[in-house]
Amino acid sequence: MKQAKNRAVIFAPKNLVRLPILLSALMLAACGGGTTPDASIRNGSDIAANQISQPAAPVSLLPIDKSLYPAPPPRDTKARIVGLLLPLGDSRDTIRSLAGHLYNGAQMALFDAETDKLIISLHDTKGTQKGAEEAAKAAIAAGADIIVGPLFGASVTAIQPVLAGRDVPGFAFSNDASTANDGLWLLGFLPEQNIDRIVSEAIAQGLTRFGALVPEGVFGARIAESFENAVDRFGGTVVESETYPPDAKGMFDPVRRLARFDDRKAAHMAEMQRVTEEALALIPTRIDAETGLTIAPPTTPEEVFKLLGDDAPELVSAYEALDLVETLGDIPYDAVFMPEGGLALRNLAPLLPYFDIDPRRVKFIGTGLWDDPSLSQEPPLHGGWYAAAPSDNWGGFAARYQDLYDAAPPRLASMAYDAVALAARLSQFSTEAPFRVELLMDPNGFSGIDGIFRLKPGGLNERGLTVQEVTRNQSRQISRPPASFVEHDRRINAAITLAEALRRSNPDRALEVDEDSFDAGIEAVGDDGFNAITPDRPNTPDSLGRLITPINAR
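Being a predicted model, the structure only gives us computed values, none of them experimental. Here, residues in each chain are numbered from 1, in the same order as that chain's written sequence. With pLDDT at 70 or above as the cut-off, local features in this predicted model cover only qualifying residues; side-chain atom pairs require 80 or more to be listed or tallied, and sums for whole chains, interfaces and linings still use all residues. Side-chain measures here rest on the full set of heavy atoms in the structure, leaving out hydrogens and waters.

## Observations concerning the overall build of the protein chain
Counting its secondary structure elements, the protein chain contains 16 helices and 17 strands. By residue count, 54% of the 554 residues in the protein chain fall in the buried class. Contacts were defined at the residue level, with two residues in contact if any of their heavy atoms lie within 4.5 Å. Sequence separation of 24 or more characterises 73% of the internal contacts of the protein chain that already satisfy a separation of 6 or more. Looking at the protein chain as shown, the accessible area adds up to about 24,400 Å², and 52% of this sits on carbon and sulfur atoms. What counts as a helix is a DSSP run of H or I of at least four residues, what counts as a strand is a run of E of at least two, and both are numbered from the N terminus. Only protein chains enter the calculation, and the probe is 1.4 Å; a residue is then buried if its accessible area is under 20% of its type maximum, exposed if over 50%, and partly exposed in between. The accessible surface values rely on the Shrake-Rupley method and a 1.4 Å probe; as for residues, cover is taken only from the protein chains in view.

## A few points about the nonpolar core
Side-chain atoms within 4.5 Å are what join buried Ala, Val, Leu, Ile, Met, Phe, Trp, Tyr and Cys residues into a set we call a nonpolar core. Grouped together as the largest cluster of nonpolar side chains are 80 residues, with contacts concentrated most on Leu86, Phe171 and Val199. Looking at this core, the element that brings in the most residues is helix α13 (residues 413-429), giving 11 residues. When near neighbours in sequence (up to four residues on either side) are disregarded, valine 199 contacts Phe210, Phe227, Ala230, Val231 and Phe234.

## Observations concerning a negative patch on the surface
A contiguous patch of negative charge, built from Glu302, Glu303, Glu320 and Asp323, is present on the exposed surface. Given a relative accessible area of 46%, glutamate 320 falls into the partly exposed group. Put simply, a patch holds well-exposed residues, over 30% relative accessible area, that have no salt bridge, with like charges counted together within 9 Å and Val, Leu, Ile, Met, Phe, Trp or Tyr side chains within 5 Å. The term salt bridge refers to a pairing of a side-chain nitrogen on Lys or Arg with a carboxyl oxygen on Asp or Glu at a separation within 4 Å. Note on charges: Lys and Arg go in the positive column, Asp and Glu in the negative column, and His and the chain ends are not counted at all. For this purpose, a charge sits on NZ of Lys, CZ of Arg, CG of Asp or CD of Glu.

## Concerning the packing of helix α2 (residues 129-141) against helix α3 (residues 153-163)
Axis definition: a line fitted to C-alpha atoms, limited for helices to the stretch in contact. Angles are taken between N-to-C directions and run from 0 to 180 degrees. Between α2 and α3, whose axes approach to 8 Å, the crossing angle comes to 40 degrees. It follows from the interaxial angle that α2 and α3 lie oblique. In the packing of α2 onto α3, the handedness of the crossing is right-handed. Packed against α2, whose contacting residues are Gln129, Ala132, Glu133, Ala136, Lys137 and Ile140, the element α3 presents Ala154, Ser155, Ala158, Ile159, Val162 and Leu163 at the interface. We call Asp, Glu, Lys and Arg charged. Ala, Val, Leu, Ile, Met, Phe, Trp, Tyr, Cys and Pro are nonpolar, and the rest, Gly among them, are polar. Among the residues forming the contact of α2 with α3, the class breakdown is eight nonpolar, two polar and two charged. Our angle categories are set so that under 35 degrees counts as roughly parallel, over 145 as roughly antiparallel, 65 to 115 as roughly perpendicular, and the remainder as oblique. Here a crossing is taken to be left-handed if its near helix is turned anticlockwise relative to the far helix by less than a right angle, and right-handed if that turn runs clockwise.

## Some thoughts on the environment of arginine 222
When you line up the elements, arginine 222 lands in helix α5 (residues 218-233). For the pair arginine 222 and serine 178, spaced 44 residues apart in sequence, the C-alpha to C-alpha distance is 10.0 Å.

## Side note on the pattern of salt bridges
This model, assessed by the stated rule, comprises 31 salt bridges. One salt bridge in this structure joins lysine 117 and aspartate 76, with 2.8 Å as the shortest N-O distance. Of this pair, lysine 117 sits in the loop between α1 (93-112) and β3 (118-124) while aspartate 76 sits in the loop between β1 (10-11) and β2 (80-86); the two residues are 41 residues apart in sequence, bridging distant segments of the chain. Two residues, arginine 209 and aspartate 334, come together in a salt bridge whose shortest N-O distance is 2.8 Å. Note that arginine 209 is positioned in strand β7 (residues 209-215) and aspartate 334 in the loop between α9 (313-323) and β9 (335-337), a separation of 125 residues in sequence.

## Some thoughts on the packing of aromatic side chains
Stacked, edge-to-face and tilted are the three classes for Phe, Tyr and Trp ring pairs, Trp counted by its six-membered ring, which pair at centre distances within 6.5 Å; planes under 30 degrees apart are stacked, over 60 edge-to-face, the rest tilted. Across all of its chains, the model carries 13 aromatic pairs by this definition. A ring pair is formed by phenylalanine 227 and phenylalanine 337, whose centres lie 4.3 Å apart and whose planes are at 5 degrees; its orientation type is stacked. Taken together, the residues span a long stretch of sequence, with phenylalanine 227 in helix α5 and phenylalanine 337 in strand β9 at a distance of 110 residues. Each member of the pair, phenylalanine 227 as well as phenylalanine 337, is classed as buried.

## Topic: the pairing of β2
The element β2 is extensively covered by neighbouring structure, given that seven of its seven residues are classed as buried. At least two DSSP bridges between two strands are required for those strands to pair. With seven bridges connecting them, β2 and β3 associate as parallel partners. In the sheet register, arginine 80 faces β3, and the bridge partner there is leucine 118.

## A short note on the pairing of strand β13 (residues 451-455)
Here β13 lies mainly inside the structure; five of its five residues are buried. Counting the residues in the hairpin turn of strand β12 (residues 446-448) and β13 gives two residues. Note: β13 against strand β14 (residues 461-463), three bridges, orientation antiparallel. For phenylalanine 453, the partnering residue across the bridge sits in β14 and is arginine 463. The antiparallel hairpin formed by β13 and β14 contains five residues in its connecting segment, where glycine 458 sits at a positive phi of about 90 degrees.

## Description of α5
Here, expected helix span is obtained from the residue count minus one, scaled by 1.5 Å. Over its 16 residues, α5 extends 22 Å from the first C-alpha to the last, a length consistent with the 22 Å expected when each residue adds 1.5 Å. Of all the positions in α5, only Phe219, Gly220, Arg222, Ile223, Ala224, Ser226, Phe227, Ala230 and Val231 are classed as buried. Buried residues along α5 sit in contact with α4 (191-204), β7, β8 (237-244) and β9.

## Considering the confidence of the model for the protein chain
Taken as a whole, the protein chain shows an average pLDDT of 83; of its residues, 80% reach a score of 70 or greater. Low pLDDT, under 50, characterises residues 509-546; the stretch is placed with 77 contacts to residues that sit more than four places away or in other chains. Per residue, pLDDT captures the predictor's confidence, and it can take any value from 0 to 100.

## Brief notes about the sheet that holds strand β16 (residues 476-479)
Spatially, seven strands are ordered β8-β7-β9-β10-β11-β15-β16 in an open sheet, and the strand pairing comes out mixed. Here the strands that pair on one side only, and so sit at the sheet edges, are β8 and β16. Averaged over neighbouring strand pairs, the angle between their axes works out to 30 degrees when direction is ignored. Relative to strand β10 (residues 363-366), β9 is paired through three bridges, and the arrangement is parallel. When the sheet's bridge partners are listed, phenylalanine 337 is paired in β10 with isoleucine 365. Sitting on the sheet, α4 is in contact with β7, β9, β10, β11 (385-388), β15 (466-469) and β16, with an inclination near 140 degrees to β11. Here α5 sits on the sheet in contact with β7, β8 and β9, set at roughly 165 degrees to β7.

## Overview of the packing of helix α8 (residues 301-308) against α9
Two elements in contact, α8 and α9, have axes separated by 11 Å at closest approach and are oriented at 150 degrees. By the criterion of interaxial angle, the relationship of α8 to α9 is roughly antiparallel. Crossing of α8 against α9: the hand is left-handed. On the side of α8, the interface is formed by Pro301, Glu302, Phe305 and Leu308, while α9 contributes Leu315, Val316 and Tyr319.

## Some thoughts on the side chain of histidine 268
Tracing the backbone shows histidine 268 in helix α7 (residues 261-282). Classification of histidine 268 by relative accessible area gives buried; the value is 8%. From its side chain, histidine 268 meets the backbone oxygen of valine 325 in a polar contact 2.9 Å long. Look past the residues within four positions of histidine 268 in its chain and what remains in contact with it is Leu322, Val325, Glu326, Thr327 and Leu328. Polar contact criterion, stated in full: a pair of N or O atoms within 3.5 Å, where within protein one must be able to donate a hydrogen and the other to accept it, and residues adjacent in sequence count only if both atoms are side-chain atoms.

What follows is the structure, given as structure tokens:
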């Protein structure tokens, strides 16, 4: 790492060697949890197999014998300690690398903080539940005022008994909503919010009937449930949904069923036969001049219409139109939802046009897992929409990260930055009790590298997301992120009002919403929310992606 001004002491347990700089980049869209180091991670998310999206049960106070842990060094009475829990000793190279990047992001926030009273106490979860529990105990023994981490959903569950009953809140990196609990907030990009954003935008643009292709397993079940709930909430209809296995060959049949390919193929053949028979009836009987015998009629549509020539132009036009396609009949939905990214999406997307789901007629929509520049090389996805974190501040952050660490940051590095930056910012507001619930759960939220966010009751977060469109060059924004939660809430209310109108009229048809007038209505909200900030500080990070700022500073 290049030299950076260190404004605070970073310490760790005595048996932990300082983490080396890890240069390999790892792109993950979200993180949930595995119970052991060799547990699988699917698209950066490991979803607990328990009841989907149910809050964790209350937990009781767990005693900690502080004599078992290294004594922390002396500290200023006004200093605040951030207990950073990362899987530094995970058995998987990729996870250890990601832990290093998260640590780097946390250090960047520490260096940017306008305080010398913030200390990072680093603890290794080893990527296991037991390791996470021990790391949390060590952090408490070291005097942590707030916890940042752990990474995995199962680890979040493991540290809940350690934090329960203690006045030590936490920010975890997981996106598994089933692990959420009061006082330990998930900062991960929750699939449920991502789905809400893309569904509400699609319906606002008149796309109200949906098909869905979701992966098999617990992750797919969670996504399917969230998608159906979102479509219902915003006034749309899920017409058809299919699940598919992870192997490319196994994806063919689910897509074929979703496309209703066999029925539409049969309809095409029946119509071709009808048009051909009608044309054949117009062809006069032909007699062989030499033998005087009747010449057998043609047997193929091509031969029939070649003989018919220009005698029936309407029939010829119908034949020519049928000859250009393999199927006949409308697709019963306006959009197809595909939540996965990466290789799964690359295997799945070409099958839709293969089975005559035309992306020029049916909109393909997805999640933040589509936030991948390489998708510009996938023609079937051109024109597809997905919801994602705003990228306005990411470029500056990534450039600074590259300059400091000689490595490209993974997308999650900004989450560690925002978590530590928020702790730093709050410690400046209140030196006595900076991490009080009422400060953490400010309804106006905070603005960081990944846009605006706020902490909700029950341990969940809420974010302001953008909607992007895949193009052959790079993604382009089609719906800007909200600038504040005043605007965010107005948008949600407008979407709910539209949903009620759709249900009253026709649930399968939406009124077109003019984007300009919609945004104009939002911007007419006024100054009662997001402009009420401290005058000498901006309400968003600067172009270099620096310190987080509350949207409504206290």
